[in-house]
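In case you want the letters, here they are:
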Amino acid sequence: MRYLLLAPDPTFTGVCSGVAFENGVGVCKSDFLAGWLCAKGFAVPPDAGHTDEPEEPTSDIPDDLDALSTSQLVSLARTHGISLAGVRTGDKNALIERIKGGGTNG
């Protein structure tokens, strides 16, 4: 199930707790995370709270991952559901390898 979330600041664009927001609107796939964010001030609109519609396909992973910063690589991995378990914090090469491998431990 997916939840439409509204940020407390309607102009917020960024990532909060792994959920990407654009202009104050984000989509969350986790019941727990949606509830947790609501407890922190985010809101689920009553008329569009959740949907069982199929998820939109995620965008392709760019070819030039070296051009991205470490934080952008982490966000990209989270967006694509790629586990970063075992990757040391700040290890850009390991992040790139994990993303290119689709989340498998090398």
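Attention here is on the structure that accompanies the text. Given the structure is predicted, the values throughout are model-derived calculations rather than measurements.

### A look at the pattern of salt bridges
Consideration 1: Tallying each qualifying case throughout the model produces 1 salt bridge.
Consideration 2: In this structure, the salt-bridge partner of Arg88 is Asp91, at a minimum N-O distance of 3.0 Å.
Consideration 3: Looking at Arg88, the relative accessible area reads 60%, which means it is exposed.
Consideration 4: Judged by relative accessible area, Asp91 falls into the buried class, the value being 18%.

### Some details on helix H2 (residues 70–79)
Consideration 1: Looking at H2, one finds that the buried residues are Leu73, Leu76 and Ala77. Angularly, the buried residues of H2 cover 100 degrees about the axis, an arc narrow enough to put them on a single face. Turned more than 90 degrees away from the buried face of H2 sit Ser71 and Arg78, all of them exposed.
Consideration 2: Tucked inside the fold, the buried residues of H2 contact helix H3 (92–100).
Consideration 3: Two residues or fewer after H2 comes Gly81, characterised by a positive phi angle close to 70 degrees.

### Some thoughts on the pairing of strand S4 (residues 25–28)
Consideration 1: In S4, alternate side chains face the same way, and those of Gly26 and Cys28 are buried while those of Val25 and Val27 on the opposite face are not.
Consideration 2: Strand direction decides the pairing type here: strand S1 (residues 2–6) and S4, joined by 4 bridges, are antiparallel. When the bridges of S4 are listed, Leu5 appears paired with Gly26.
Consideration 3: Sheet analysis places strand S3 (residues 19–22) next to S4, joined by 2 bridges and oriented antiparallel. Within S4, the residue paired with Glu22 across the bridge is Val25.
Consideration 4: What sits between the antiparallel neighbours S3 and S4 is a turn of 2 residues, in which Asn23 has the positive phi angle 55 degrees.

### Remarks on the environment of Thr70
Consideration 1: Residue placement: Thr70 occurs in helix H2.
Consideration 2: On the accessibility criterion, Thr70 (27% relative accessible area) is partly exposed.
Consideration 3: Sequence-wise, Thr70 and Gly90 are 20 residues apart; in three dimensions their C-alpha atoms are separated by 6.3 Å.
Consideration 4: When residues no more than four places from it in sequence are discounted, the contact partners of Thr70 are Gly90, Lys92 and Leu95.

The rules we used
- Residues numbered from 1 in each chain as written.
- Predicted model: local features only at pLDDT ≥ 70, side-chain atom pairs only at ≥ 80, totals over all residues.
- Heavy atoms only, no water.
- Salt bridge = Lys/Arg side-chain N within 4 Å of Asp/Glu carboxyl O.
- Buried < 20%, exposed > 50% of the residue type's maximum accessible area, 1.4 Å probe, protein only.
- Helix = DSSP H or I, 4+ residues; strand = E, 2+ residues; numbered from the N terminus.
- Arc of directions from axis to C-beta.
- Contact = heavy atoms within 4.5 Å.
- Pairing = 2+ DSSP bridges.

Any functional reading would require information that these geometric values do not contain.
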